[in-house]
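Understanding the architecture of this molecule
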Amino acid sequence: MAEYSHPFDAFVPEGAEVLILGSFPSIKSFEDNFYYAHPQNQFWKLLAAVYEEDTPKSIEEKSDFLTKHKIALWDMVKSCERENSLDSNLKNIQVNDIEGFLKEHPSIKKVCFTGKTSQKLYDKNFSHLSIPTYYLPSSSPAYRAMKFDEKVEVYRSVLSE
């Protein structure tokens, strides 16, 4: 197992109202230096479907999309050991300071999790915070419990509240 630290900063547009927390970047996201970079990951397609827009491709398009919709992105894990990109493989986890982050960004009104791992880590470390939290089904290609259209409906209901 190799030890890794999170390779890039949180993406936080001015006036962000939603914080979407993943667990830890995939190996492909490490390579591309931005969130949800694996071509089979459905994250950007899900957001595009929710907002009825074209799927952003470049980091600039993704940044513009997030800024337009006041969405911040970060991950729960600051550092860990792992062998591959699966959440089940994360060991010796150190979490990011979500509480400090939310104090720094008071415009954020809700926290969403793209999967059970990020939600469990948040609940274990930050359940005392009073901000509303929401589960979003994993956008990972490894998560097949829901069809794409079902995921879109969950994302839409949470993000349009």
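All values derive from a computational prediction rather than experimental measurement.

Next up on the list: the environment of Arg156. For Arg156, the position within the fold is in helix α6 (residues 148-159). Residue Arg156 is classed as partly exposed on the basis of its relative accessible area of 25%. Linking Arg156 and Tyr51, residues 105 residues apart in sequence, is a C-alpha distance of 8.0 Å. Every residue in contact with Arg156, bar those within four places of it in the chain, is listed here: Ala49, Val50 and Glu52.

Moving on, we come to the sheet that holds strand β6 (residues 110-114). Strand order across the open sheet formed by four strands is β3-β2-β6-β7, with parallel pairing between neighbours. The sheet is open, and its two borders are formed by β3 (71-75) and β7 (133-136), each paired with just one other strand. Between one strand axis and the next, the sheet turns by 25° as a mean value, whatever way the strands run. One ladder, built from four bridges, connects β6 with β7; its direction is parallel. When the bridges of β7 are listed, Phe113 appears paired with Tyr135. Against the sheet, α6 touches β2 (18-22), β6 and β7, its axis set at about 165° to β7.

Turning our eyes to something else, we now look at the sheet that holds strand β5 (residues 91-95). Strand order in this open sheet of three strands is β1-β4-β5, and the pairing throughout is antiparallel. What marks the edges here is a single partner per strand, and that holds for β1 (2-5) and β5. Taking the axes of each pair of neighbouring strands and ignoring which way they run, one obtains an average angle of 10° across the sheet. Where strand β4 (residues 77-82) meets β5, three bridges bridge the pair, whose relative direction is antiparallel. Of the residues in β5, the one forming a bridge with Ser79 is Gln94.

Here we take up the packing of aromatic side chains. Scanning the entire structure with this criterion turns up twelve aromatic pairs. Relative to Phe30, the ring of Phe24 has its centre 5.7 Å away and its plane inclined at 55°; by these criteria the two rings are tilted. Using a relative accessible area of 7% as the deciding quantity, one classes Phe24 as buried. Taking the centre distance of 5.0 Å and the plane angle of 85° together, the rings of Phe43 and Trp44 count as edge-to-face. Each member of the pair, Phe43 as well as Trp44, carries the same accessibility label: buried. Members of the aromatic cluster, joined through ring pairs, are Phe8, Phe11, Phe34, Tyr35, Tyr36, Phe43 and Trp44. Above the ring of Tyr134, the side-chain terminus of Lys110 is found at 5.3 Å from the ring centroid. A cation over a ring is seen here: Lys116 above Tyr135, with NZ or CZ 4.1 Å from the ring centre.

Basis of the calculations
- Residues numbered from 1 in each chain as written.
- Predicted model: local features only at pLDDT ≥ 70, side-chain atom pairs only at ≥ 80, totals over all residues.
- Heavy atoms only, no water.
- Helix = DSSP H or I, 4+ residues; strand = E, 2+ residues; numbered from the N terminus.
- Buried < 20%, exposed > 50% of the residue type's maximum accessible area, 1.4 Å probe, protein only.
- Contact = heavy atoms within 4.5 Å.
- Pairing = 2+ DSSP bridges.
- Axes fitted to C-alpha atoms, helices over the stretch in contact; angles between N-to-C directions.
- Phe/Tyr/Trp six-rings, centres within 6.5 Å; stacked < 30°, edge-to-face > 60°.
- Lys NZ or Arg CZ within 6 Å of the ring centre and 35° of its normal.

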